[in-house]
Amino acid sequence: MDQSKRAFRQSPAWIREIALLVLVLAGSGRGQEQKQPPTAPVAKVPPGQPADAGTAEAKPEKRISSKDAEELFQEVDEILQFVSKDTAFPIKHEVKRQLASRDQVSAYLEKSLREDKDAKRLRRTELVLKKFGLLPPDFEFEKSLVALLREQVAGYYDQKTKTMNLLDWVPAEQQRPVLAHELTHALQDQSFGLGKWLGRNSKDLDKKKDITPADIESDEGDETLEAVVEGQAEAVMVDYLLEPAGRSVWNAPEVLAELDADMLKGDPGSVVFKNAPIFLKESLTFPYRYGVEFVAAMGQEGGKSRAFTGLFKNPPRTTRQIMEPKTYLSGEQIAPLPVPDLRDIFKNYERFDVGAMGEFDVSMLLDEYAGTEVSHSIYPYWRGGYYYAARPKSAGNGPLGLLYVSRWANPQVAQHFAAVYAKSLAKRYQHVQDMAKDGTNTAASFDQLRTWQGSRQWMSEQGAVVIEIEGATVLVTESLDAATTERLSHDVFASGQ
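Since this is a predicted model, take the numbers as computed values, not measurements. (Residues numbered from 1 in each chain as written. Predicted model: local features only at pLDDT ≥ 70, side-chain atom pairs only at ≥ 80, totals over all residues. Heavy atoms only, no water.)

Trainee: Please give an account of the overall build of the protein that cites residues and values.
Mentor: Tallying secondary structure elements over the protein gives 21 helices and 10 strands in all. In the protein, buried positions account for 58% of the 497 residues. Considering only residue pairs separated by 6 or more positions, the protein has 75% of its internal contacts joining residues 24 or more positions apart. Only carbon and sulfur atoms are counted for the fraction: they give 50% of the accessible area of the protein, which is about 20100 Å². (Helix = DSSP H or I, 4+ residues; strand = E, 2+ residues; numbered from the N terminus. Buried < 20%, exposed > 50% of the residue type's maximum accessible area, 1.4 Å probe, protein only. Contact = heavy atoms within 4.5 Å. Areas by Shrake-Rupley, 256 points an atom, 1.4 Å probe, with all protein chains shown as cover.)

Trainee: Go over the pattern of salt bridges with me, naming the residues and quoting the values.
Mentor: When the charged atoms of two side chains lie near each other, side chains of opposite charge can form a pair. Per the stated rule, a full pass over the model turns up 20 salt bridges. A salt bridge links R320 to E359, with the shortest nitrogen-to-oxygen separation between them at 2.9 Å. Here E359 lies in helix 17 (residues 359-370) and R320 lies in helix 14 (residues 319-323), a separation of 39 residues in the sequence. The residues R320 and E359 share a single accessibility class, namely buried. A salt bridge links R487 to D491; its shortest N-O distance comes to 2.8 Å. (Salt bridge = Lys/Arg side-chain N within 4 Å of Asp/Glu carboxyl O.)

Trainee: Give a description of helix 19 (residues 411-428) that names residues and reports values.
Mentor: Given a rise of 1.5 Å per residue, 18 residues ought to cover 26 Å, and the 25 Å separating the end C-alpha atoms of helix 19 matches this to within 8%. The buried fraction of helix 19 amounts to 13 of the 18 residues, a majority that puts the element mostly inside the structure. Where helix 19 begins, one side-chain oxygen reaches toward the backbone nitrogen of Q412, 3.1 Å away; that side chain belongs to N410. (Expected span 1.5 Å × (residues − 1). Polar contact = N/O pair within 3.5 Å; in protein donor to acceptor, adjacent residues only side chain to side chain.)

Trainee: So, the packing of aromatic side chains: which residues are in play, and what are the values?
Mentor: A complete count under the given rule lists 20 aromatic pairs for this structure. Ring geometry for F89 versus F312: centroids 6.0 Å apart, planes at 85 degrees, classification edge-to-face. Residue F89 is found in the loop between helix 2 (66-87) and strand 1 (96-100), and its partner F312 is found in helix 13 (residues 309-313); the two are separated by 223 residues along the sequence. We note that F89, like F312, is buried. Sitting over the face of the ring of F352, R391 holds its NZ or CZ atom 5.5 Å from the ring centroid. (Phe/Tyr/Trp six-rings, centres within 6.5 Å; stacked < 30°, edge-to-face > 60°. Lys NZ or Arg CZ within 6 Å of the ring centre and 35° of its normal.)

Here it is in structure tokens:
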């Protein structure tokens, strides 16, 4: 699903710099008068939100004083020195800096949403996310995303202008940890050309006539590079916060555990974030939460050189490697998932979207469908996946058709995943009937679904849903005609999944 997610996570001009990175750590006290700084994150009061927000009326948003702003500007160079020492990335030139208001940042975000090619693509592929049940049918994505970013942003480095943007409504002491994070991006940019490096794997599969296994295999590239970039910046921020206590990201696992939990949960004032769909919260936090743990694992295994410069030279390729660092360290190789001739099979359809369904994508589906406990018991057994969305040429604005193929470590996990997917249909469609081949209703229990092999069909208001299991491979078709589904079944399983 990387093609559909790329629009709001990959875009280096703005989306990477959401302040999910400081939901937990910015209030930990670094830069304040404090003899014994904490060794674990402390939740902060969000910018512009009074400490007693739950019991008192919100006060007008305060601006930092000109004196604080000037001191903060001067501290940029001091913190830049810390970042350089922590990462071994050299300082090649001064980093420009400026103070921005919340309205200026909001206008910047909205302008980026209108102009960024990936954001335009997301508006077109939003329907795929809704088809999978990852966004509610009536969810206004762009409006919600702007509100979410406006709430969460807390300083960012702009690659295009090479400028560090400080925020005039965030207290200076809360911006110092943000500076450590964002100035890591500045030095990454100076050494490796961040925009070009992040875009090295960018590939719009919509422009390709024939989709190959190699295309699917490389489709998660943007996602994994993003996790490296943000994971390194998070690691530096943790180091900056913990340095007075003589600790670092390499020897503070409890800090990373709390950071992971609290970042996904959000702080008490993050109303928009708390109410956002699981997909948005997981996608926006992925490069930070999983990235910092991946970078920490690299440092523990091979020191700072492997965790910083080494990852730019030899980056991970899949979200599986990010989520499970041992697979990267061991050099695990997973054979590419065969892809049938989709162009020919869908000759009566207009292609809408196509892309990989990686381990992280699967974890989000499972989180949404069955909760995190079930998700964690299944997604590590992922071994490949892709989707293809299309509309019938003759149907105008008819339902979006969907193909989803996934491969698992063994048939038992494939059955478990198929059962969870089948039970999710009731949440995603208004009317669903489990149908036998003779057209009768044969509703099955979850335990029955977990033991089936072969094909089952459901009928919904948007057409047929077919789930077929053969060995460790699961084939799903939704809202496709019977002939296309039959052809897919033959070709997918004939290719030796």
